[in-house]
Amino acid sequence: MDTEAVRSFVRAAELGRLHHAADELGVTQQAVSKRIAALERELDVRLFTRTARGVELTLDGQAFLPHARNIVTGVDRAVTAIRPGSRALRIDVLGLRSAQAVVLHDYWRSHPGTDLDVVTLRVDDPRMAVSAVQAGDIDASFRSVTDPAALPREVQMIHAFDSPLELLVGPRHPLASARTLIPSQLRRHRIWVPGIAPRSEWAAFYDQLATEFDLRIDAAGPNFGNEVLLDILADSADVATLVGSRDRYIWPTNHDLRRIPIVNPALAYPLSLILPRASPHPGLRAIINHFGSLASLPETAWRPSWATTPRRSDGDTERTRR
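Note that the structure is predicted; figures quoted are calculated from it, not measured. (Residues numbered from 1 in each chain as written. Predicted model: local features only at pLDDT ≥ 70, side-chain atom pairs only at ≥ 80, totals over all residues. Heavy atoms only, no water.)

Colleague: Just to check I follow, could you spell out the packing of helix H5 (residues 99-110) against helix H9 (residues 284-291) for this structure?
Modeller: Relative placement of two packed helices is described by the angle separating their axes and the distance separating the axes. Two elements in contact, H5 and H9, have axes separated by 11 Å at closest approach and are oriented at 110°. Taken as axis vectors, H5 and H9 run roughly perpendicular relative to one another. Considering how the two elements wind past one another, H5 and H9 form a crossing that is right-handed. Residues Val 103, Leu 104 and Tyr 107 of H5 touch H9, and the partners they reach there are Ala 286, Ile 287, His 290 and Phe 291. Residue classes in the contact of H5 with H9 are distributed as six nonpolar, one polar and no charged. (Axes fitted to C-alpha atoms, helices over the stretch in contact; angles between N-to-C directions. Helix = DSSP H or I, 4+ residues; strand = E, 2+ residues; numbered from the N terminus. Parallel < 35°, antiparallel > 145°, perpendicular 65-115°, else oblique. Left-handed = near helix turned anticlockwise from the far one by under 90°. Contact = heavy atoms within 4.5 Å. Nonpolar A, V, L, I, M, F, W, Y, C, P; charged D, E, K, R; others polar.)

Put into structure tokens, the structure is as follows:
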């Protein structure tokens, strides 16, 4: 079996688009497509369904993916065994437009020599990301386990940084002209957050947020992606959503969407990093140190009960107080 074809399949599955996989692998999109087609012929199954938005795994593709990851990891480990330190630092992020990816990109721009491999595991349950760290498939994952006591002894979870929330609305929304908002002003307004998956960390976050501030957070309906969500917000006079201040969103200028900071208190989504407890990748230390250079939240900030944050003075962690 061609291991580069397997690697191309894994990267296409993680990124959802052949041209993104090609860019990551340093080959043409045609080369990636040919490798995957050859792999499908060898396995005598279809691994992907091609769509206008990219590629989606078939049931056979979903079954093959964890084994394919093991093949790629095995090859990488074999290479590392004879060339120590040769493999890129591999970090999982929730999405390529997420705050995690934005911060990593800022770090890489200031340290362009860093051999960094950013991946998206496309899993909602953080326990699956923990398993990937345990297995050595990835070196670290930007995920949070809301019950840290449930973490295996082989891995640890540290605070990375906080992402303050903003309200994103269209020009006809009643709150569109506000420069800032306090949480009580959001009550009775529909806040639509599609894609809240059961057992995900963000499900736990939004549950606590809605209870704490008596908010109407609605996850009803299918999640057609950010572009459709932005289109709906632009046309709506009553729908809003919540986004992280560092998340990257791009929309047509005629949408005239507004990102409005929420203050007094700021609503902070805590971002954690899961990594091996013993012998983490040596490239992680500099990135973890970079988190300390990010702007801190104001004193009046709300975080969920399970969030922890490092003390700026000594690097120890403490339970965050509201």
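Having seen it, we continue.
Colleague: What should I look at first to understand the side chain of Asp 117 in this one?
Modeller: On the secondary structure map, Asp 117 appears in strand E4 (residues 116-119). One polar contact links Asp 117 to Arg 11, side chain to side chain, over a distance of 3.3 Å. With residues up to four places along the chain from it excluded, the contact list for Asp 117 reads Arg 11, Glu 24, Ala 88, Leu 89, Arg 90 and Ile 91. (Polar contact = N/O pair within 3.5 Å; in protein donor to acceptor, adjacent residues only side chain to side chain.)

Colleague: Explanation requested: the pairing of strand E3 (residues 89-92) in the structure shown.
Modeller: Remember that side chains alternate between the two faces of the sheet whenever the strand is regular. On E3, burial covers both faces: Leu 89 and Ile 91 on one face and Arg 90 and Asp 92 on the other are all buried. Note: E3 against E4, four bridges, orientation parallel. Looking at the pairing, Ile 91 lines up with Val 118 of E4. Once you follow E3 into H5 and on to E4, the crossover reads as right-handed. (Buried < 20%, exposed > 50% of the residue type's maximum accessible area, 1.4 Å probe, protein only. Pairing = 2+ DSSP bridges. Right-handed = clockwise from strand over helix to strand, strands pointing away.)

Colleague: Whenever I open this one, the packing of aromatic side chains confuses me. Can you help?
Modeller: Within a pair of aromatic rings, the relevant descriptors are the distance that separates the centres and the angle that separates the planes. Per the stated rule, a full pass over the model turns up nine aromatic pairs. Summarising the aromatic geometry, the rings of Phe 205 and Tyr 269 are spaced 4.6 Å apart at their centres and angled 50° between planes, so their arrangement reads as tilted. Here Phe 205 is found in helix H7 (residues 201-213), whereas its partner Tyr 269 is found in strand E11 (residues 266-276), with 64 residues between them in sequence. For the pair Phe 205 and Tyr 269, a shared accessibility class is recorded, and that class is buried. Members of the aromatic cluster, joined through ring pairs, are Phe 205, Tyr 206, Phe 213, Tyr 269 and Trp 302. (Phe/Tyr/Trp six-rings, centres within 6.5 Å; stacked < 30°, edge-to-face > 60°.)

Any functional reading would require information that these geometric values do not contain.
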